[in-house]
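Residues per chain, in single letters:
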Amino acid sequence: MSLKPRAAAPAPTDLLGINHMLDDEEKAIRSTVRKWVEEKITPHAGQWFEDGVFPEDIIPELGEMGLLGMHLEGYDCAGMSATNYGLACLELEAGDSGLRSFVSVQGSLAMFPIWAYGSEEQKQRWLPEMAAGRAIGCFGLTEPDHGSDPGNMSTRAVKDGSDWVINGAKMWITNGPIADVAVVWASTEEGVRGFVVPTDTKGFTANEIKHKGSLRMSKTGELVFDNMRLPEDAVLPEVTGLKGPLSCLSEARFGILFGALGAGRSCFETALDYSKSRVQFGRPIGGFQLTQQKLTNMAMDLAKGELLAMHLGRLKDSDRGLAPEQVSFGKLNNVRVAIDAARTSRTILGGNGISHEYPIMRHSANLESVLTYEGTEEVHTLVIGQLLTGQNAFS
Ligand code: FAD
């Protein structure tokens, strides 16, 4: 063994030198998306959040960058690795969780089921349009009375001749009010089936959910199906049962376990900058031990979260793949890390921390939704608990 020179000091947002684990393509994707977010999103996100606006004019740019369905192969999708997808999600969510939610829903919840379970016709009809951002998708699983327990869903699809007729409602559907196509999950005599529903179908209505205190830079809706009649070929032919929607959620959760760290990093960077310039008692508050403790804990937790995300990304890209419990581990841990970073960063900014002049309160409010959607904190805890004990504590 030869004596190595002392390694260079790591960057504050990369204490573990994770940057050096990335290959050239990963570095390029990360820096391209980061630069785009800093130019196009960060300067306006606070205002968009306050106004409850999702900037639809950026959607074609997301398509041009290959970020829509980026981990899918064929049909004009970019066919990138899962790790690349995760890194892009991290940078998008550093802008706003609403932006990452749009990309997650489009790629993992709307395109993925068509790609994985759709007929060739469904794939040809929708995937290239969705990859380009010319068609927007949404995913309808949650209902007003059935969230964590989708197996008990009330939305029902029945056969009438060769048609399907669907009645029911879905709640909290990201992109619902702006979608061109909805992947709707309904119970049938054969079990849960997925349907590809153009949103101009008679009997389909999307109502925007207003007055949200979180994910305001994202369109959320209620979908109502009133004797909605669909042709036989609207069903996703290759999947029956809850494993269909659950596999889509596993894909989207993988994006979240990277993405949430972007929101956390944005809060940490804001607090670190602020701690250097804000003077109290005659010195920058970053010179006080208690502030340094907060910054140190945040930097360590974010770095460990990123290490975990990279590890899970590498596993997903390997032949071995990722088990759902491992995705739960990542989502549970990294959303907690991000929420803690948002709350701690807010304290470092004192009163200024609650102002939308800074991104922290916005990220903090957004992360409350991120903690709940795609499986709540409690649900992911029980998924891991069941693996550990062999006992089902859900019901
Ligand atoms: P509930 O299931 O009623 O849960 C309430 C509380 O009870 C939670 O704390 C939960 O963890 C706890 N709980 C429930 N069951 C158990 C149990 N067995 N043991 C212990 N605790 C339990 N859904 C979609 O289908 N598509 C979307 O695009 C979408 N986008 C969303 C966007 C936003 C902004 C939000 C807020 C939600 C979105 N959702 C979407 C819905 C989201 O996935 C659900 O809110 C989530 O699954 C929780 O369901 P619920 O709100 O009905 O809560």
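Residues numbered from 1 in each chain as written. Predicted model: local features only at pLDDT ≥ 70, side-chain atom pairs only at ≥ 80, totals over all residues. Heavy atoms only, no water.

Participant: Quick one: what's the story with the site of the ligand, residue by residue and with numbers?
Facilitator: In the vicinity of the ligand, 17 residues are found, and the nearest of them are Thr142, Ser148, Trp172, Thr376 and Glu378. In this structure, Thr376 approaches the ligand through a side-chain N or O atom, which is 2.6 Å from an oxygen atom. Contacts to the ligand include Phe394, whose backbone N or O atom sits 3.0 Å from a nitrogen atom. Protein burial of the ligand: of its 970 Å² of free accessible surface, 69% is covered by the chains. Secondary-structure elements contributing two or more residues to the shell around the ligand are strand 3 (163-174), helix 10 (360-372) and helix 11 (377-389). Residues of the shell around the ligand, tallied by class, amount to 8 nonpolar, 7 polar and 2 charged. Inspection of the shell around the ligand shows a minimum of three residues originating in each of domain 2 (137-234) and domain 3 (243-389). (Near = heavy atom within 4 Å. Polar contact = N/O pair within 3.5 Å; in protein donor to acceptor, adjacent residues only side chain to side chain. Areas by Shrake-Rupley, 256 points an atom, 1.4 Å probe, with all protein chains shown as cover. Helix = DSSP H or I, 4+ residues; strand = E, 2+ residues; numbered from the N terminus. Nonpolar A, V, L, I, M, F, W, Y, C, P; charged D, E, K, R; others polar. Domains from an automatic or database assignment.)

Participant: Hey, could you go over the state of the cysteines for me, with residue numbers and the actual values?
Facilitator: One pass over the structure, following the stated rule, counts 0 disulfides. Left without a disulfide partner, Cys89 is nearest to the cysteine sulfur of Cys77, which lies 14 Å away. Using a relative accessible area of 0% as the deciding quantity, one classes Cys89 as buried. Unpaired in this structure, Cys248 has its nearest cysteine sulfur neighbour in Cys138, at a distance of 13 Å. (Disulfide = S-S within 2.5 Å. Buried < 20%, exposed > 50% of the residue type's maximum accessible area, 1.4 Å probe, protein only.)

Participant: Just give me the short version of the domain arrangement of the protein chain, but keep the residues and values in it.
Facilitator: You can read the domains of the protein chain as domain 1 (18-131), domain 2 (137-234) and domain 3 (243-389). Each partner contributes to the interface: domain 2 provides 9 residues, whereas domain 3 provides 10 residues. Our count for the contact surface shared by domain 2 and domain 3 stands at 0 salt bridges. Counting every contact that joins domain 2 to domain 3 gives 3 residue pairs in polar contact (both at pLDDT 80 or more). A per-class count over the side of domain 2 that touches domain 3 returns 5 nonpolar, 3 polar and 1 charged. (Contact = heavy atoms within 4.5 Å. Salt bridge = Lys/Arg side-chain N within 4 Å of Asp/Glu carboxyl O.)

Participant: Describe helix 10, listing the residues and the values that go with them.
Facilitator: The end-to-end C-alpha distance of helix 10, which contains 13 residues, comes to 19 Å, matching closely the 18 Å that a straight helix rising 1.5 Å per residue would cover. Those residues of helix 10 that sit buried are Ile360, Arg362, His363, Ser364, Ala365, Asn366, Leu367, Val370 and Leu371. Looking at the buried side of helix 10, the elements it contacts are helix 2 (42-51), helix 4 (82-95), helix 5 (97-117), helix 7 (243-277), helix 9 (324-348) and helix 11. Directly beyond the C-terminal end of helix 10, a positive phi value near 60° is found at Glu374. (Expected span 1.5 Å × (residues − 1).)

Participant: Kindly report on the side chain of Thr201, identifying the contributing residues and their values.
Facilitator: Here Thr201 shows up in the loop between strand 5 (191-198) and strand 6 (204-208). Overall, the relative accessible area of 14% leaves Thr201 in the buried class. Only 2.5 Å separates the side chain of Thr201 from the backbone oxygen of Pro198, close enough to count as a polar contact. Beyond its immediate sequence surroundings of up to four residues, Thr201 is in contact with Met228, Arg229 and Leu230.

Participant: Run through the side chain of Ser108, naming residues and quoting values.
Facilitator: For Ser108, the location among the structural elements is in helix 5. On the accessibility criterion, Ser108 (0% relative accessible area) is buried. At 2.7 Å, the side chain of Ser108 and the side chain of Tyr85 are in polar contact. The residues contacting Ser108, other than those within four sequence positions of it, are His71, Tyr85, Val103, Pro113, Cys248, Glu251 and Ala252.

Participant: Requested: an account of the pattern of salt bridges, with residues and values cited.
Facilitator: Scanning the model with the defined rule gives 19 salt bridges in all. Arg314 serves as the salt-bridge partner of Glu26, at 2.7 Å between the closest nitrogen and oxygen. Linking Glu26 in helix 1 (residues 24-40) with Arg314 in helix 8 (residues 289-317), this pair joins segments that are 288 residues apart in sequence. Overall, the relative accessible area of 3% leaves Glu26 in the buried class.

Participant: An account of the pairing of strand 5 is requested, with residue identities and associated values reported.
Facilitator: By the criterion of burial, strand 5 is predominantly enclosed, with 6 of the 8 residues buried. Strand direction decides the pairing type here: strand 4 (residues 181-188) and strand 5, joined by 8 bridges, are antiparallel. Note that in strand 5 the partner of Val181 across the bridge is Pro198. Counting the residues between successive antiparallel strands, the hairpin from strand 4 to strand 5 contains 2 residues. (Pairing = 2+ DSSP bridges.)

Participant: Break down helix 1 for me, with residues and values.
Facilitator: Look at helix 1: 24 Å from first C-alpha to last across 17 residues, which is about the 24 Å you get at 1.5 Å a residue. Buried within helix 1 are the following residues: Glu26, Ile29, Arg30, Val33, Trp36 and Val37. Viewed along the axis of helix 1, the buried residues span an arc of 140°, placing them on a single side of the element. Summarising the geometry of helix 1, the exposed residues directed more than 90 degrees from the buried face are Asp24, Lys35 and Glu38. Lining the buried residues of helix 1 we find helix 2, helix 3 (59-64), helix 4, helix 5 and helix 8. In this structure Asp23 caps helix 1, since a side-chain oxygen of it lies 3.1 Å from the backbone nitrogen of Glu25. (Arc of directions from axis to C-beta.)

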